[in-house]
Amino acid sequence: MKKSFAFFFIFLTFLAILRLFLFFSEKVSYRDSQEISLQTRILSDPKIQGSTQRITVHLRGGKNAFVYLPLYPEIRYGDLVRIEGRLKIKKIEDGEIIFINFPKAEKVEDRNWAIKTLADSREKIITSFQRVLPIPSSSLLLGIVFG
């Protein structure tokens, strides 16, 4: 019993060290005005700001980029999107913010039925909370329910 526990512990330690090595070895640097082409699945709802929609995409190396697109075609949670454009990097006090302003974006695949059903249910719940409760209370409840 003790040998199997020791083997299991050593195996888990090896996996943790391997994962840390792979995580820190994948550092990718991006520069201002760099051309980029990527295909990604949208993992959060787009934010509508005036006549644009902003989506967040994950870049290699653990970085995120804000992508500003026109309102149409409408991008939704779960869609697979191909994006080609130029990076804009803004230096801030504790790092940098990466933007891609109005790139060429094309929806490769719509979200599947399971993601569509879950996202639509979530939107209905949010709408009903906001319709029934005042803003501070609905925001608090939505934060508790959806974390």
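Reading the values: rules and limits
Residues numbered from 1 in each chain as written. Predicted model: local features only at pLDDT ≥ 70, side-chain atom pairs only at ≥ 80, totals over all residues. Heavy atoms only, no water. Patch = residues over 30% accessible without salt bridge, like charges linked within 9 Å, V, L, I, M, F, W, Y side chains within 5 Å. Areas by Shrake-Rupley, 256 points an atom, 1.4 Å probe, with all protein chains shown as cover. Salt bridge = Lys/Arg side-chain N within 4 Å of Asp/Glu carboxyl O. Helix = DSSP H or I, 4+ residues; strand = E, 2+ residues; numbered from the N terminus. Buried < 20%, exposed > 50% of the residue type's maximum accessible area, 1.4 Å probe, protein only. Phe/Tyr/Trp six-rings, centres within 6.5 Å; stacked < 30°, edge-to-face > 60°. Core = buried A, V, L, I, M, F, W, Y, C linked by side-chain atoms within 4.5 Å.

(A) Highlighting a nonpolar patch on the surface. Together, F7, F8, F11, L12, F14, L15, L18, F21 and L22 make up a nonpolar patch on the protein surface, roughly 930 Å² of accessible area in all. Its place among the elements puts F21 in helix 1 (residues 2–25).

(B) View of the pattern of salt bridges. Within the structure shown, the criterion is met by nine salt bridges. For K107, the salt bridge goes to D79, with nearest N and O atoms at 3.4 Å. Residue K107 is located in strand 7 (residues 104–109), and its partner D79 is located in the loop between strand 4 (64–70) and strand 5 (80–92); the two are separated by 28 residues in the primary sequence. In this structure K107 comes out as partly exposed when scored by relative accessible area, which is 30%. Linked through salt bridges whose partners overlap, the residues forming this network are E74, R76, D120 and E123.

(C) Representation of unusual backbone geometry within the structure. Cis geometry is found at the peptide bond from Y72 to P73, where omega equals 5 degrees. With respect to the element layout, P73 can be found in the loop between strand 4 and strand 5. Phi angles above zero are rare outside glycine, and F102 is one such case at about 45 degrees. Relative to the assigned elements, F102 resides in the loop between strand 6 (95–101) and strand 7.

(D) The arrangement of the packing of aromatic side chains in detail. Overall, the coordinates contain two aromatic pairs when judged by the stated rule. Ring plane angle 40 degrees and centroid distance 6.2 Å describe the contact between F66 and F99, whose orientation is recorded as tilted. Of this pair, F66 sits in strand 4 while F99 is found in strand 6, placing the two residues 33 residues apart along the sequence. In this structure F66 comes out as partly exposed when scored by relative accessible area, which is 27%. Among the residues examined, F99 registers a relative accessible area of 18% and is labelled buried. Within the aromatic cluster, the residues linked to one another by ring pairs are F66, Y68 and F99.

(E) Fine view of the nonpolar core. Of all hydrophobic cores here, the largest spans 18 residues; its most connected members are Y30, I55, V57 and L59. Taken together, the elements giving at least two residues each to this core come down to strand 1 (35–41), strand 3 (52–58), strand 4, strand 5 and strand 6.

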